[in-house]
Amino acid sequence: GMIEVRLVGADPSVTVAADQLAVDDRAWAVIPPDQRRLILVVGEGDPYLETALSFLPDVELYGVTPAEYGPATDRTDGRPWDLVIFEDYLPATLPKSPVLAIAPPRDSSLGDVVGTLRNPGIGTLDPDEPVLRYVDLSTTHIAEAVKLTPPTWARTIVPGPRGAPLLYSGVRDGINSAVLAFEPRRSDLPLQVAFPILLANLTGELLGAHMIGAEVTELI
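Everything numeric here is computed off the predicted structure, so don't read it as measured data.

Draft legend 1. Broad picture of the environment of alanine 200. For alanine 200, the location among the structural elements is in helix α2 (residues 194-207). For alanine 200 and alanine 52, which are 148 residues apart along the polypeptide, the C-alpha to C-alpha distance reads 8.5 Å.

Draft legend 2. Focus on the pattern of salt bridges. Using the criterion set out here, one finds eight salt bridges in the structure. The shortest N-O distance in the salt bridge between arginine 155 and glutamate 129 comes to 2.7 Å. On the criterion of sequence distance, the pair formed by arginine 155 in strand β9 (residues 154-158) and glutamate 129 in the loop between β7 (112-118) and β8 (144-149) is long-range, its members being 26 residues apart. On the basis of relative accessible area, arginine 155 is assigned to the partly exposed category, the value being 31%.

Draft legend 3. Fine view of the pairing of strand β4 (residues 59-64). Here strand β3 (residues 37-42) pairs with β4 via six bridges, running parallel. Bridge pairing in β4 places leucine 40 opposite tyrosine 62. Crossover connection from β3 via helix α1 (residues 47-54) to parallel β4: handedness right-handed.

Draft legend 4. Quick look at the sheet that holds β4. With mixed pairing, seven strands are arranged side by side in an open sheet as β4-β3-β5-β6-β11-β10-β9. The sheet terminates laterally at β4 and β9, the two strands that pair on one side only. If you compare each strand with its neighbour and ignore which way they point, the axes differ by 20° on average. As paired elements, β9 and strand β10 (residues 167-172) share four bridges and run antiparallel to each other. Of the residues in β10, the one forming a bridge with threonine 156 is tyrosine 168. Together, β3, β4, β5 (83-87) and β6 (99-102) form the strand contacts of α1, whose direction differs from that of β4 by roughly 160°. Set on the sheet, α2 makes contact with β3, β5, β6, β9, β10 and β11 (175-180); between it and β11 the angle comes to about 155°.

Draft legend 5. Representation of the packing of aromatic side chains within the structure. Overall, the coordinates contain four aromatic pairs when judged by the stated rule. Judged by centre distance (5.4 Å) and plane angle (90°), the ring pair of tyrosine 69 and phenylalanine 86 falls under edge-to-face. Highlighted residues: tyrosine 69 in the loop between β4 and β5 and phenylalanine 86 in strand β5, separated in sequence by 17 residues. Each member of the pair tyrosine 69 and phenylalanine 86 is classed as buried.

Draft legend 6. Quick look at unusual backbone geometry. The backbone of aspartate 58 sits at a positive phi, close to 55°, despite the residue not being glycine. Note on placement: aspartate 58 falls in the loop between α1 and β4. Judged by its relative accessible area of 35%, aspartate 58 is partly exposed. The phi dihedral of asparagine 119 falls on the positive side, at around 50°, and the residue is not glycine. With respect to the helices, strands and loops of the structure, asparagine 119 is situated in the loop between β7 and β8.

About the thresholds
Residues numbered from 1 in each chain as written. Predicted model: local features only at pLDDT ≥ 70, side-chain atom pairs only at ≥ 80, totals over all residues. Heavy atoms only, no water. Helix = DSSP H or I, 4+ residues; strand = E, 2+ residues; numbered from the N terminus. Salt bridge = Lys/Arg side-chain N within 4 Å of Asp/Glu carboxyl O. Buried < 20%, exposed > 50% of the residue type's maximum accessible area, 1.4 Å probe, protein only. Pairing = 2+ DSSP bridges. Right-handed = clockwise from strand over helix to strand, strands pointing away. Axes fitted to C-alpha atoms, helices over the stretch in contact; angles between N-to-C directions. Contact = heavy atoms within 4.5 Å. Phe/Tyr/Trp six-rings, centres within 6.5 Å; stacked < 30°, edge-to-face > 60°.

Okay, structure coming up:
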């Protein structure tokens, strides 16, 4: 659809100056059609993660266990998954859809696993990072995270100790991809307002859309 806005003349009884620039008296905006985004979560189940994802606007959420994941999880209607989230699991071959890997257990094109971080602190955050918009991590505590060496295509969003990032994102072979180094339930982040907002910002980037803004009040 389309919206048109016009500036109309003032009341004839009111004396006003002549319009010096009539070209800006009309404007149009194209309203894109509603589009449902299909998100598949592959894992043993994290109620914190699933609850936060369920609040995202225009999203259909599906879940399978790692044992169930495979060709059988392809959609019968032919539509690809708009985003696949792997929790503490990675398949031998990553899908061609955008991917969010949470605490990946092994090396892949998403990064190399080089150890474990106990009680990692959060480094200095970039105030201009779009994924951290409206996100306050100052009181977040993490019990355990995967220590990762990020790939060259990734930018660090949340830095951790000794150069090991806790969250990074980028474009891998033309596919939006991100890695969260810790399971949310291994931290107190799900108990904070920052959690659903961070997920909304991150999934919005992976989906190629801005899911935060007017919807922020719905998420919190």
